[in-house]
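Coordinate analysis (summary)
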Amino acid sequence: MTQLIVLSAVGTDRAGVVKDLSKAILDCGGNIEESRMASLGAEFAVLMLISGHWHTPAKLEKSLDGLRQTHDLAISIKKTGARNDTAECVPYGVDVVCLDQPGIVFQLSDFFAARTIEICELATRRYAAPHTGAPMFSVQMTVSIPAAAPITQLRDDFHDLCEQLNLDSILEPVNS
C-alpha cells in the first residue's frame with residue numbers, strides 16, 4: 001500500500017538544501033510527487049507531497065533529524081491521503097496586479113470563500129514598478145469553480161470587487 005506524506009521545511013537559504021532533502025527522501029524509499037519551493041527573504045521554504053511504502057514515514061523522520069540539527073531546518077512531516085478531486089469543478093486562473101496595499105490577499109480569499117470556491121494555488125510577489133519605482137503587488141492563483149456556478153455573475157462580481165479595490169485583474173479558465 002502506498003503511503004502519502006506531506007513534508008514542510010523552513011531554514012536559512014543556502015546552496016544544496018534541495019539536494020539534501022531530496023537525498024534523504026530517496027534514501028528512505030520515498031518519491032517526490034509534488035513540490036513547491038521558494039526563497040523568502042533570507043529563508044528557504046519547501047512543501048512536498050511524498051509517496052512511499054508503509055515504512056517510509058518512520059525512516060524519513062529518523063533521517064530528517066540529522067538535517068534538522070546540522071542545517072538548522074524546521075521540518076515537519078504528516079501522513080495524508082489522496083486528494084478528493086471534485087469532477088464537477090472547473091479550474092480558473094486569477095491574476096491581479098495593483099499598487100501594494102494591505103489586505104489584498106484577504107479581500108480576494110474572502111470573495112472566493114464566501115462563494116465556497118476553493119483556492120488551489122496562490123502565489124504573491126511585491127516588486128518595484130518600472131520607471132516610477134512604486135511598490136507593486138501581484139497575485140496569481142488557481143481556483144476550483146463548481147461547474148454549476150453562474151460564471152457570468154461570478155465574473156461580474158469579481159470585476160466589481162477589483163474595481164472597488166483598484167486592482168487590475170483577469171479571471172479565466174485554465175487551459176489544461
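Above: the structure in question.
Being a predicted model, the structure only gives us computed values, none of them experimental.

Quick look at the sheet that holds strand 3 (residues 43–52)
Strands sit in the order 2-3-1-4 across an open sheet of four strands; the sheet is antiparallel. The two strands at the open ends of the sheet, each matched to only one other strand, are strand 2 (31–40) and strand 4 (74–80). Ignoring which end each strand starts from, the neighbouring axes of this sheet average 10 degrees apart. With seven bridges joining them, strand 1 (residues 3–12) and strand 4 adopt antiparallel strand pairing. In the sheet register, Val6 faces strand 4, and the bridge partner there is Lys78. Contacts from helix 1 (residues 17–27) reach strand 1, strand 2, strand 3 and strand 4 within the one sheet, and its direction differs from that of strand 3 by about 20 degrees. Packed on one face of the sheet, helix 2 (residues 56–71) meets strand 1, strand 3 and strand 4 and runs near 170 degrees to strand 4.

Some details on the side chain of Thr56
Locating Thr56 in the fold gives a position in helix 2. Separated by 2.8 Å, the side chain of Thr56 and the backbone nitrogen of His53 make a polar contact. When sequence neighbours within four positions are dropped, the list of residues in contact with Thr56 reads Ile5, Cys28, Gly29 and Gly30.

Some thoughts on the pattern of salt bridges
Tallied over the full model, the rule gives nine salt bridges. In this structure, Lys19 and Asp20 form a salt bridge, with 3.1 Å as the shortest nitrogen-oxygen distance. What makes Asp20 buried here is its relative accessible area of 16%. With a closest N to O distance of 3.9 Å, Asp157 and Arg115 form a salt bridge. Of this pair, Asp157 sits in helix 4 (residues 151–165) while Arg115 sits in the loop between helix 3 (104–114) and strand 6 (118–128); the two residues are 42 residues apart in sequence, bridging distant segments of the chain. Using a relative accessible area of 26% as the deciding quantity, one classes Asp157 as partly exposed.

Analysis parameters
- Residues numbered from 1 in each chain as written.
- Predicted model: local features only at pLDDT ≥ 70, side-chain atom pairs only at ≥ 80, totals over all residues.
- Heavy atoms only, no water.
- Pairing = 2+ DSSP bridges.
- Helix = DSSP H or I, 4+ residues; strand = E, 2+ residues; numbered from the N terminus.
- Axes fitted to C-alpha atoms, helices over the stretch in contact; angles between N-to-C directions.
- Contact = heavy atoms within 4.5 Å.
- Polar contact = N/O pair within 3.5 Å; in protein donor to acceptor, adjacent residues only side chain to side chain.
- Salt bridge = Lys/Arg side-chain N within 4 Å of Asp/Glu carboxyl O.
- Buried < 20%, exposed > 50% of the residue type's maximum accessible area, 1.4 Å probe, protein only.

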